[in-house]
Amino acid sequence: MKGLEVVRAGALTTVQDLGRPGYAHLGVPRSGALDAGARALANRLLGNPPGAAVLETTLNGVGLRAVGGPLTVAVTGAPCAVRVCGRPVAWGAPVLLRDGAELDVGPAESGVRGYVAVRGGFAVEPVLGSRSTDLLSGLGPPVLAAGALLPVGAPGPDPVAGVDGPAVPGPPSELVLPLRLGPRADWFTAESVTGRLLRATYRVSASSNRVGMRTQGPALVRARGGELASEGMVLGAVQVPPDGQPVVFLADHPVTGGYPVVGVVVGAALDAVAQAGVRVPVRFVRA
């Protein structure tokens, strides 16, 4: 059986694909790769179908060894040094790994998350139709650990595509997030919404993760007290906990929540959130 053995797991490396949308009524988050564009590019470079599972790395990359035969891989997302058996190879392009060769994906030089695809995709066991690791619910394969063996599927008929890396933007120096206000914007003072949320600059908090991007900046002030009954949450929802600091829900977000949602970030803007490091400025603008 062909596969990739984990030599170095990195800070947080998970298997991700398109996720498992459509199960919120069962209490299951959607999950999936945070940077959908980088995931799609990695698969496209190798001729994989769009839904093929990849690895999502965080900050310091991952180390892998080819077992069972040669494999072709590609690394996208946050730019980084890529080496095979200690020698530099291309980032954002197909790379051949001979049987026994070690691939080292180095620390992110900018951005946060890298994506490692293999021709044929990672063939771990699917759960509810997806191979994604969900950190919140625990569904899907476990977070990578040294010594784990990741099986690889059979390659499809499409040829390796070559390089089109420039089509994917680099990590952001500033996040500008288009926001559709509602459904609970009226739970906050008008000055908080128009004078703070839509005018002030926030920054990415170090406590951000795959569940949500937490921000630091001017706190939003409630216009009304009391508690809110649990409501359904969607990808990109901007929930405001009691400290008044907006939280942008990402792929592993809960399906319900009890804090008011001041608005929802347009989905196409969320790829950039995946690559925004700590202290990157964040501005919310009306969509």
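Quantities reported herein were computed from a predicted structural model and do not represent experimental measurements.

1. Observations concerning the overall build of the protein
For the protein, the helix and strand inventory stands at three helices and 20 strands. Taken over C-alpha atoms, the radius of gyration comes to 20 Å for the protein, in line with the 19 Å a tight globule of 287 residues would show. Summarising its shape, the C-alpha atoms of the protein cover approximately 65 × 40 × 30 Å along the three principal directions. Taking all 287 residues of the protein together, 48% fall into the buried category.

2. A short note on the pattern of salt bridges
In the structure shown here, the tally under the stated rule is nine salt bridges. Here Glu102 ties to Arg65 by a salt bridge, and the two come within 2.6 Å at their closest N and O atoms. Residue Glu102 is located in strand β9 (residues 102-108), and its partner Arg65 is located in strand β4 (residues 62-67); the two are separated by 37 residues in the primary sequence. Using a relative accessible area of 33% as the deciding quantity, one classes Glu102 as partly exposed. By relative accessible area, Arg65 is classed as partly exposed at 24%. One connected set of salt bridges, linked through shared partners, spans Glu56, Arg113, Arg210 and Asp252.

3. Observations concerning the pairing of β9
Bridge analysis of β4 against β9 gives four bridges, and the strand direction is antiparallel. Residue pairing for β9: Leu64 is matched across the bridge by Leu103. Across four bridges, strand β6 (residues 80-84) lies against β9 in antiparallel orientation. Bridge pairing links Val84 to Leu103 in β9.

4. Regarding unusual backbone geometry
Of all residues except glycine, most have a negative phi; of all peptide bonds, most are trans. Cis geometry is found at the peptide bond from Gly182 to Pro183, where omega equals 10 degrees. Relative to the elements of secondary structure, Pro183 occurs in the loop between β12 (175-181) and α2 (190-197). The backbone of Leu128 sits at a positive phi, close to 55 degrees, despite the residue not being glycine. Counting through the fold element by element, Leu128 comes out in the loop between β10 (113-118) and β11 (149-151). Phi is positive for Arg279, which is not a glycine, with a value near 80 degrees. Along the chain, Arg279 falls in the loop between α3 (270-274) and β20 (281-286).

5. Looking at the nonpolar core
Formed by 41 residues in total, the largest nonpolar core has its most connected members in Leu175, Leu177, Met213, Val248, Val265 and Phe284. Broken down by secondary-structure element, the contributors of at least two residues to this core are α1 (36-46), β10, β12, α2, β13 (202-204), β19 (261-265), α3 and β20. Residues in contact with Val248, not counting those within four places in the same chain, are Leu177, Val211, Gly212, Met213, Gly236, Ala237, Val238, Val265, Leu270 and Phe284.

6. Regarding the sheet that holds strand β16 (residues 237-239)
Strands pair in a sheet through their backbones, by hydrogen bonds, and they do so in one of two ways: parallel or antiparallel. Strand order in the closed barrel formed by seven strands is β12-β19-β16-β17-β14-β13-β20, and the pairing between neighbours is mixed. Going from strand to strand, the sheet's axes swing by 40 degrees on average, the running direction of each strand aside.

7. A word on the pairing of β4
Pairing of strand β1 (residues 3-8) with β4, which is carried by five bridges, proceeds in the antiparallel orientation. Across the sheet, residue Val6 finds its bridge partner in β4, namely Leu64.

8. Regarding α1
When we look at burial in α1, the residues that qualify are Ala38, Arg39, Leu41, Ala42, Asn43, Leu45 and Leu46. Taken together, the buried residues of α1 touch β3 (54-58), β5 (71-77) and β10. At the C-terminal side of α1, Gly47 shows a positive phi close to 75 degrees.

9. Description of the sheet that holds β1
Pairing in this open sheet of six strands is antiparallel, and the strands run β7-β6-β9-β4-β1-β11 from one edge to the other. Here the strands that pair on one side only, and so sit at the sheet edges, are β7 (87-89) and β11. Neighbour to neighbour, the strand axes of the sheet diverge by 30 degrees on average, direction disregarded. The pairing of β1 with β11 spans three bridges and is antiparallel. From the neighbouring strand, Gly3 faces β11, where its bridge partner is Pro151.

10. Observations regarding α2
Buried residues of α2: Ser192, Val193 and Leu197, and no others. Looking straight down α2, one finds its buried side chains confined to an arc of 95 degrees; they lie on one side. Those residues of α2 hidden inside the fold are in contact with β12, β13, β19 and β20.

11. Side note on the state of the cysteines
As used here, a disulfide is simply a covalent bond connecting the sulfur atoms of two cysteines. The tally for this structure, following the rule as stated, stands at zero disulfides. With no disulfide of its own, Cys85 lies closest to Cys80 among cysteine sulfurs, the gap being 17 Å. Take Cys85: its relative accessible area is 55%, and that puts it in the exposed class.

The rules behind each value
- Residues numbered from 1 in each chain as written.
- Predicted model: local features only at pLDDT ≥ 70, side-chain atom pairs only at ≥ 80, totals over all residues.
- Heavy atoms only, no water.
- Helix = DSSP H or I, 4+ residues; strand = E, 2+ residues; numbered from the N terminus.
- Rg over C-alpha atoms; globule rule 2.2 N^0.38 Å.
- Buried < 20%, exposed > 50% of the residue type's maximum accessible area, 1.4 Å probe, protein only.
- Salt bridge = Lys/Arg side-chain N within 4 Å of Asp/Glu carboxyl O.
- Pairing = 2+ DSSP bridges.
- Core = buried A, V, L, I, M, F, W, Y, C linked by side-chain atoms within 4.5 Å.
- Contact = heavy atoms within 4.5 Å.
- Axes fitted to C-alpha atoms, helices over the stretch in contact; angles between N-to-C directions.
- Arc of directions from axis to C-beta.
- Disulfide = S-S within 2.5 Å.

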